[in-house]
Amino acid sequence: KFLRDWKDSTPNWKEKLEKMADYGTLCHIGFGHLCKGEDIPKGLVDLAGEHFGKKEQFKKDMLSLKKFLRDYEVEVIFLEGILGTKYPTKYGNAYICSAIDCFCKLKYKTTKKVDVEDGVYVRGKKKGQPKYKEEKVEVVDEVYALVDLKSNYEHKDEKSFFDSHKYQLLYRDWE
């Protein structure tokens, strides 16, 4: 629906779509270099400027991806791969295959409420029993993740999340 709406409102959508896809591919190539701990080759930065007029934007995009890799302590398992699986349904087995930009292990911080001991009761029914209080603590969770790399070719100054991206990532229980 979102791609169809965009096409309907964009007379030269074929030309734009090709350019947007090419820029996305350039971002994927740069991301691959970053995942291997390499610097972004100067040729990629130059290409972003010469072909797309987005030299500075490409640098910002690569910097944000580098920050993502560092902030989440990303451990890449594979890039640009195909995953396939057999998925049992009540109608029999379905076979699903999908292109994956990045499969990785990453860490992220969350805040959780925990009860911590805070002395003992000195009187009353609970005398001598431990007393607890609730505290917020920061914990690090480690998860496996599929990263779907997206570029925001036309709206780089907007810090928005497109519904079209969100709907691509929705999980659906087919049973």
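Residues numbered from 1 in each chain as written. Predicted model: local features only at pLDDT ≥ 70, side-chain atom pairs only at ≥ 80, totals over all residues. Heavy atoms only, no water.

A few points about unusual backbone geometry
Reasoning step 1: At glutamate 73, a residue that is not glycine, the phi angle is positive and equals roughly 45°.
Reasoning step 2: Looking at the element boundaries, glutamate 73 is found in the loop between α4 (55–71) and β1 (75–89).
Reasoning step 3: Of note in this structure, glutamate 80 is not a glycine but carries a positive phi near 50°.
Reasoning step 4: Looking at where glutamate 80 falls in the secondary structure, it is placed in strand β1. (Helix = DSSP H or I, 4+ residues; strand = E, 2+ residues; numbered from the N terminus.)

What about the packing of aromatic side chains?
Reasoning step 1: Taken as a whole and judged by the stated rule, the model has 5 aromatic pairs.
Reasoning step 2: Plain terms: the ring middles of tyrosine 23 and phenylalanine 58 are 6.3 Å apart, the flat faces sit at 80° to each other, and that makes the pair edge-to-face. Here the residue tyrosine 23 occupies a position in helix α2 (residues 13–35), and phenylalanine 58 occupies one in helix α4, the gap between them amounting to 35 residues.
Reasoning step 3: Residue classification places tyrosine 23 among the buried positions, given a relative accessible area of 0%.
Reasoning step 4: You can call phenylalanine 58 buried: its relative accessible area is 0%.
Reasoning step 5: Judged by centre distance (5.6 Å) and plane angle (40°), the ring pair of phenylalanine 78 and phenylalanine 103 falls under tilted. Here phenylalanine 78, found in strand β1, pairs with phenylalanine 103, found in strand β2 (residues 92–120); they are 25 residues apart in sequence, far enough to count as distant.
Reasoning step 6: Since its relative accessible area comes to 21%, phenylalanine 103 is described here as partly exposed.
Reasoning step 7: Every member of this aromatic cluster is reached through a ring pair, and the members are Tyr23, Phe52 and Phe58.
Reasoning step 8: The ring of tyrosine 121 is capped by lysine 131, whose NZ or CZ atom sits 5.4 Å from the centre of that ring. (Phe/Tyr/Trp six-rings, centres within 6.5 Å; stacked < 30°, edge-to-face > 60°. Buried < 20%, exposed > 50% of the residue type's maximum accessible area, 1.4 Å probe, protein only. Lys NZ or Arg CZ within 6 Å of the ring centre and 35° of its normal.)

Details of the nonpolar core
The nonpolar side chains of a soluble globular protein tend to be buried, and buried together.
Reasoning step 1: Of all hydrophobic cores here, the largest spans 22 residues; its most connected members are Phe31, Phe58 and Cys104.
Reasoning step 2: Of all the elements in the fold, those that place two or more residues in this core are α2, α3 (42–52), α4, β2 and β3 (130–147).
Reasoning step 3: No other element matches α2, which puts 6 residues into this core.
Reasoning step 4: Setting aside its immediate chain neighbours within four residues, cysteine 104 contacts Val74, Glu75, Val76, Ile77, Val143, Tyr144, Ala145 and Val147. (Core = buried A, V, L, I, M, F, W, Y, C linked by side-chain atoms within 4.5 Å. Contact = heavy atoms within 4.5 Å.)

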